[in-house]
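Single-letter residue listing:
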Amino acid sequence: MTGQINRSNRRPVFFIPSISLLASLGVFSSSLEAQAHHPFGGQTPSNILEGFLSGLGHPVVGIDHLVFVIAIGLMTAILRQGFWVPLAFVSTALLGAGIHLQSWDLPAPEFFISASVLLMGGLLALKQSPHPCLASGLAGFAGLFHGYAYGEAIVGAEMTPLVSYLVGFSVIQLMIAALAYRCGHALNPASSEQSTLPLRFAGFGIAGMGLAFLSTVLLG
């Protein structure tokens, strides 16, 4: 019994560095615009390797995208059949990229990307886990705008680097979500439906970052 109590007490303490990291990223990100980021400095990938590497880099270089993918990975850890959340996001991100490549416009992508981080963090911070359909729906809706931003980096590319770019950003996001899921599951081994205190803290931190992104977009 004593060993169980000690392990239970250690999880929140172990999570404190992660919360501090989220807070630090939030302060740093408040000076950045919630916009598309280009791993190759804005140059359009010209071959299959450049396309794939650019696809791998875009969701990581863009802090707003990265934080959202981490959030959906953590959300997956507290929901029954939570795997639908990252799948919905990646699927609609591909659709959003396609929308951009077709030269169709989505309204205020930076606003919706920032708001999605705030909302997903808020859902993660709730004492009661949200319904899987709500989390998947939010992830799917957000994916359109995140994917639309991803599409900016590949506009004008030939088919081969374009396809490799789409594969790259899909693979890296699923990997990040899977890693976040493993971390979330390790922090919450006893229940798949109720978020533990460490994961709620993570949700508050992510929501705070989303608020910083949104403030930057609204205030310029």
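How each quantity is defined
Residues numbered from 1 in each chain as written. Predicted model: local features only at pLDDT ≥ 70, side-chain atom pairs only at ≥ 80, totals over all residues. Heavy atoms only, no water. Helix = DSSP H or I, 4+ residues; strand = E, 2+ residues; numbered from the N terminus. Buried < 20%, exposed > 50% of the residue type's maximum accessible area, 1.4 Å probe, protein only. Contact = heavy atoms within 4.5 Å. pLDDT = per-residue confidence, 0-100. Axes fitted to C-alpha atoms, helices over the stretch in contact; angles between N-to-C directions. Parallel < 35°, antiparallel > 145°, perpendicular 65-115°, else oblique. Left-handed = near helix turned anticlockwise from the far one by under 90°. Nonpolar A, V, L, I, M, F, W, Y, C, P; charged D, E, K, R; others polar. Expected span 1.5 Å × (residues − 1). Bend = angle between axes of the 7 residues up to and from the residue. Core = buried A, V, L, I, M, F, W, Y, C linked by side-chain atoms within 4.5 Å.

What follows concerns the overall build of the protein. Each helix and strand in the protein was counted, giving eight helices and zero strands. In the protein, the succession of helices and strands from N to C terminus is α-α-α-α-α-α-α-α. The 220 residues of the protein split such that 48% are buried. Within the protein, contacts between residues separated by at least 24 positions form 84% of all contacts whose residues are at least 6 apart in sequence.

Our next topic: the environment of A93. In this fold, A93 is placed in helix α4 (residues 84-101). With relative accessibility at 0%, the residue A93 sits in the buried group. A sequence separation of 49 residues divides A93 from A142, and the C-alpha atoms of the two residues are 8.0 Å apart.

Low pLDDT means the predicted atomic positions in that stretch should not be read closely. Within the protein, residue pLDDT values average 82, and 78% of them lie at 70 or more. Ignoring residues within four places in sequence, the model shows residues 1-36, a span with pLDDT below 50, making 42 contacts including any to other chains.

Moving on to the packing of helix α5 (residues 109-125) against helix α8 (residues 197-219). At a closest axis distance of 7 Å, the pairing of α5 and α8 adopts a crossing angle of 160°. The angle between α5 and α8 falls in the class roughly antiparallel. Handedness of the crossing formed by α5 with α8: left-handed. Taken together, the residues of the contact of α5 with α8 break down into 16 nonpolar, five polar and two charged.

We now examine helix α6 (residues 132-151). With 20 residues, α6 should cover 28 Å at 1.5 Å per step; its first-to-last C-alpha distance of 28 Å lies within 8% of that length. Along α6, the helix axis deviates most sharply at G143, where the bend reaches about 25°. For α6, the tally of buried residues reaches 15 of 20 residues, placing the bulk of the element in the interior.

Time to look at the nonpolar core. Grouped together as the largest cluster of nonpolar side chains are 42 residues, with contacts concentrated most on M75, F89 and M120. Element by element, the count of residues in this core is highest for helix α3 (residues 63-78), at ten residues. Formed by seven residues, the second largest nonpolar core is a distinct cluster that contains L106, I113, F145 and Y148.

On to unusual backbone geometry, then. Although it is not a glycine, Q81 adopts a positive phi angle of roughly 55°. Along the chain, Q81 turns up in the loop between α3 and α4. A positive phi angle is found at S103, which is not glycine, with a value near 65°. Relative to the assigned elements, S103 resides in the loop between α4 and α5. Judged by its relative accessible area of 61%, S103 is exposed.

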